[in-house]
Amino acid sequence: MLYPRTDRQQQFIDVARSLLPALRARAAQHDRDGTFPHENFADIRRVGLPALVVPQEFGGWGANLLESTLTMETLAQGDGSTALSFVMHVQVVGGVAEIVAGAAADEERSSWPPSLFAQICRDAVEQGALINSVATEPNLGSPSRGGLPETTAAPVRENGKTVWLVNGLKTFASLSPEMDYFIIPAALQDGSGHVARFVIPAGPHFEIIETWDAFGMRATGSHDLKIVNARVPEDLMIGRGAPSPRTTGKAPANAWFICTVGAVYLGVAQAALDFATDFALKRVPTALGKPIAELESIQRRLGQAELLLLQARALLYNTANDWDQLVARRDELSPAVIATKFTVTNNAIEAVDHVVRVVGGAAMSRSMPLERYLRDVRPGLFHPLNDDQALTIFGRNALKRITAATGGQ
């Protein structure tokens, strides 16, 4: 498993790597204050990263899933919060690019008007525009489990055309302080019982309620978002239908979300391992008279972390590469995608736990980044699919396999 393997992969990694010194320098203060790192996004726009996954036909870099995963892992080694915020734009645009290109089911292809996607892509390339989907609600919870949102869209007639009046409250609106386009699911008030998604440009119809005060990933700007009388034309609707869970274990899991978001947590864990390794090489207690790195107990802890990240990276890269290469067999990749989510997030957490023990009590000090890494890897557990959902799917798959093999006997 040797990466990068191509000049393109190296170029994308190098762009992200160029930002690491500035991101690292700002991370502790934004984490302490819970403030959004606007200056980091000025840098992200300056180097052109919003165009990373924009198709080349629109002037973008056209990165595939593996290339995007490598890039996001690198960016996260500078600041997990910045990378997690930005990856929301990456996974949305990357996933939609596949849909619009025709590499998804017919019903998915028809939901995104090509002209709308083209406009978003041009804005990302020319202005550094950013987009994310904001779907979670206080009472709904995660939409991955299905359910009807309390956010509503009521049809009104204006100048002979239908306009949707959108009102509601969303939570976990990551990237909201810098977002240019918001994808908002809403329950249609037309008697159909359907839910539709709307692409709504930033404007006074959005109120960011600064509620985000979390133990980890504190600088993602994942505040509540209030939508007040957003007037949305029909051509900004990107699909409608009955509410249903996004993941059933049969349809392909969201590989773009899982792989790129997983890469962020892997990058945070790698930063923690690198810091602890450097610490071990430099730490010379007077009673020992040599670096603690020479102790086998320290080497074992570092080795356990290194092994965990190697395992996670192998599965992550292989899954992303298969997704890019085996387009016709993506339905079969769902178990691998789900396994990637489970393995990467849990391995990242366990690896950081090991390296904290290398550093010892000093790891608790905010003068070191380790306590931030320790907190920043844990939110990975709460992204869909959670561990219980994943394990249930695997258990059911095992039961179905044996039932089919034995003819139900």
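Structural data are supplied above this passage.
What you see is a predicted model; the values in this text were computed from it and never measured.

## Points about the overall build of the chain
A count of helices and strands for the chain gives 12 helices and eight strands. Taking 2.2 N^0.38 as the reference for a compact globule, 409 residues should give roughly 22 Å; the C-alpha atoms of the chain span a radius of gyration of 22 Å, in line with that estimate. If one aligns the C-alpha atoms of the chain with their principal axes, the spans along those axes are about 85 × 60 × 45 Å. Out of the 409 residues in the chain, the part that is buried amounts to 51%. Expressed as a percentage of contacts within the chain between residues at least 6 apart in sequence, the contacts between residues at least 24 apart total 74%.

## What to know about empty space enclosed by the protein
Under the counting rule described, the total for this entry stands at two cavities of 30 Å³ or more. What the largest cavity holds in volume is close to 50 Å³. If you trace the largest cavity, you find it lined by F257, I258, V261, G262, K341, V344, T345, G380 and H383. Taken as a whole, the second largest cavity holds about 30 Å³ of empty space.

## Some thoughts on the side chain of T151
Inspection of the secondary structure puts T151 in the loop between β1 (131-133) and β2 (152-158). Within polar-contact distance, the side chain of T151 engages the side chain of E137 at 2.6 Å. Those residues within four positions of T151 in sequence are excluded, and the remaining contacts are E137, V166, N167, G168, L169, K170, I184, P185, A186, A187 and I227.

## Description of the packing of aromatic side chains
The geometry of two aromatic rings is summed up by the distance between their centres and the angle between their planes. Tallying each qualifying case throughout the model produces eight aromatic pairs. The interplanar angle of 0° and the centroid separation of 5.9 Å between the aromatic rings of F12 and W61 together place this pair among those described as stacked. Here the residue F12 occupies a position in helix α1 (residues 7-18), and W61 occupies one in the loop between α3 (38-46) and α4 (65-76), the gap between them amounting to 49 residues. F12 gets classed as buried once you look at its relative accessible area, which sits at 6%. On the accessibility criterion, W61 (22% relative accessible area) is partly exposed. When the centroid spacing of 6.2 Å and the interplanar angle of 80° are considered together, the rings of W112 and F117 count as edge-to-face.

## Observations concerning the environment of Q325
Structurally, Q325 is set in helix α9 (residues 296-325). Through-space distance from the C-alpha of Q325 to that of N64 is 9.9 Å; in sequence the pair is 261 residues apart.

## Regarding the pairing of strand β3 (residues 161-173)
Across a regular strand the side chains alternate sides, sitting on one face of the sheet and then on the other. In the sheet, β2 pairs with β3 via seven bridges, with the strands oriented antiparallel. Its bridge partner being in β3, T152 is matched across the sheet by N167. Between β2 and β3, which pair antiparallel in sequence order, lie two residues; one of them, N159, sits at a positive phi of approximately 55°. Judged from the eight bridges that link them, β3 and strand β7 (residues 223-233) form a sheet pairing that is antiparallel. By the bridge assignment for β7, L165 is matched with R231.

## A short note on the environment of P155
Position of P155 among the secondary structure elements: in strand β2. Residues P155 and L165, spaced 10 residues apart in sequence, show a C-alpha to C-alpha distance of 6.3 Å. Not counting chain neighbours up to four residues away, the residues in contact with P155 comprise T162, V163, W164, Q189 and D190.

## Considering α3
All of the buried residues along α3 are N40, F41, D43 and I44. Down the axis of α3, the buried set is contained in an arc of 155°. They therefore lie on one face. Contacts made by the buried residues of α3 are with α2 (20-33), α4 and α5 (80-101).

## Topic: unusual backbone geometry
With an omega of 0°, the peptide bond running from Y3 to P4 counts as cis. Residue placement: P4 occurs in the segment before α1. With an omega of -10°, the peptide bond between P384 and L385 qualifies as cis. With respect to the helices and strands, L385 occurs in the loop between α11 (370-376) and α12 (387-406). Positive phi, close to 55°, is recorded for F172, a residue that is not glycine.

## Focus on the layout of surface pockets
In this model, the second largest pocket occupies a volume close to 320 Å³. Of the residues forming the lining of the second largest pocket, the biggest block, five residues, is contributed by α5. Its residues assigned to classes, the lining of the second largest pocket comprises 12 nonpolar, three polar and four charged.

Rules and cut-offs
Residues numbered from 1 in each chain as written. Predicted model: local features only at pLDDT ≥ 70, side-chain atom pairs only at ≥ 80, totals over all residues. Heavy atoms only, no water. Helix = DSSP H or I, 4+ residues; strand = E, 2+ residues; numbered from the N terminus. Rg over C-alpha atoms; globule rule 2.2 N^0.38 Å. Buried < 20%, exposed > 50% of the residue type's maximum accessible area, 1.4 Å probe, protein only. Contact = heavy atoms within 4.5 Å. 1 Å grid on protein atoms, 1.4 Å probe; cavity = no way out; pocket = protein on both sides within 12 Å on 5 of 7 lines; lining within 4 Å. Points joined across faces, edges and corners; volume = space filled by probe spheres on them. Polar contact = N/O pair within 3.5 Å; in protein donor to acceptor, adjacent residues only side chain to side chain. Phe/Tyr/Trp six-rings, centres within 6.5 Å; stacked < 30°, edge-to-face > 60°. Pairing = 2+ DSSP bridges. Arc of directions from axis to C-beta. Nonpolar A, V, L, I, M, F, W, Y, C, P; charged D, E, K, R; others polar.

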